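Remarks on the overall topology
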Amino acid sequence: MVSFATSLFNIYKQQKPSEDSLKQLDDFMGTIGKGIEQGFSDAKAILTGLKVFEGDVETGVASTYDMVMKGLQNFREKLMASYEQQAETAENEPVTKTP
């Protein structure tokens, strides 16, 4: 679930280009976060309607939700670290003047 959702980031960047990479990342995370929240909410409603959202099923859904949220947070943190590293590299590059 996390791999699929985060794999869409490159498509999102192409469709919504921005000079501010962090804003672009935050907007993407907000968008997929809403979709994932809705998906879990819908699943809970369906399982509750079927009267099976209890015990191991409820625990499994909660566990899956936690893992997905942690995966998304890890994705965000890795990209932010990458952006910070790129910014530091750009700051440390020597400035060359062209005649």
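Please refer to the structure placed before this passage.
Notes on the structure in this doc start here. Because the structure is a prediction, the values reported are computed rather than measured. (Residues numbered from 1 in each chain as written. Predicted model: local features only at pLDDT ≥ 70, side-chain atom pairs only at ≥ 80, totals over all residues. Heavy atoms only, no water.)

Enumeration over the complete set of coordinates arrives at five aromatic pairs. A connected cluster of aromatic rings, assembled from ring pairs, spans Phe-9, Tyr-12, Phe-28 and Phe-75. (Phe/Tyr/Trp six-rings, centres within 6.5 Å; stacked < 30°, edge-to-face > 60°.)

Right, let's talk about helix 3 (residues 21-49) for a bit. Between the first and last C-alpha of helix 3 there are 42 Å, a value that for 29 residues agrees with the 42 Å anticipated at 1.5 Å per step. For helix 3, the complete set of buried residues consists of Gln-24, Leu-25, Phe-28, Met-29, Ile-32, Gly-33, Ile-36 and Phe-40. Measuring from the side-chain oxygen of the N-cap residue of helix 3 to the backbone nitrogen of Leu-22 gives 3.2 Å; that N-cap residue is Asp-20. Following helix 3 by one or two positions, Lys-51 has its phi on the positive side, about 60°. (Helix = DSSP H or I, 4+ residues; strand = E, 2+ residues; numbered from the N terminus. Expected span 1.5 Å × (residues − 1). Buried < 20%, exposed > 50% of the residue type's maximum accessible area, 1.4 Å probe, protein only. Polar contact = N/O pair within 3.5 Å; in protein donor to acceptor, adjacent residues only side chain to side chain.)

Once that is clear, we can look at the side chain of Gln-24. Mapped onto the elements of the fold, Gln-24 is located in helix 3. Within polar-contact distance, the side chain of Gln-24 engages the backbone oxygen of Lys-16 at 2.8 Å. In contact with Gln-24, other than residues within four places in its own chain, are Phe-9, Tyr-12, Lys-13, Lys-16, Pro-17 and Ser-18. (Contact = heavy atoms within 4.5 Å.)

With that out of the way, let us pick up the nonpolar core. Core analysis: the biggest nonpolar cluster contains 16 residues, and Phe-9, Leu-25, Phe-28, Met-29 and Phe-75 have the highest contact counts within it. Counting residues per element, the ones that place at least two in this core are helix 2 (9-15), helix 3 and helix 4 (55-92). With residues up to four places along the chain from it excluded, the contact list for Met-29 reads Leu-72, Phe-75 and Arg-76. (Core = buried A, V, L, I, M, F, W, Y, C linked by side-chain atoms within 4.5 Å.)

For the rest of this paragraph, the subject is the packing of helix 3 against helix 4. A packed helix pair is summarised by two numbers, namely the angle formed by the two axes and the spacing between the axes. Where helix 3 contacts helix 4, the two axes come as close as 11 Å, and the packing angle between them is 175°. For the element pair helix 3 / helix 4, the angle class is roughly antiparallel. Taking contact as the criterion, the partners of Ser-21, Leu-22, Leu-25, Asp-26, Phe-28, Met-29, Ile-32, Ile-36, Glu-37, Phe-40, Lys-44 and Leu-47 in helix 3 are, on helix 4, Val-57, Val-61, Thr-64, Tyr-65, Val-68, Met-69, Leu-72, Phe-75, Arg-76, Leu-79, Met-80 and Tyr-83. A per-class count over the contact of helix 3 with helix 4 returns 18 nonpolar, two polar and four charged. (Axes fitted to C-alpha atoms, helices over the stretch in contact; angles between N-to-C directions. Parallel < 35°, antiparallel > 145°, perpendicular 65-115°, else oblique. Nonpolar A, V, L, I, M, F, W, Y, C, P; charged D, E, K, R; others polar.)

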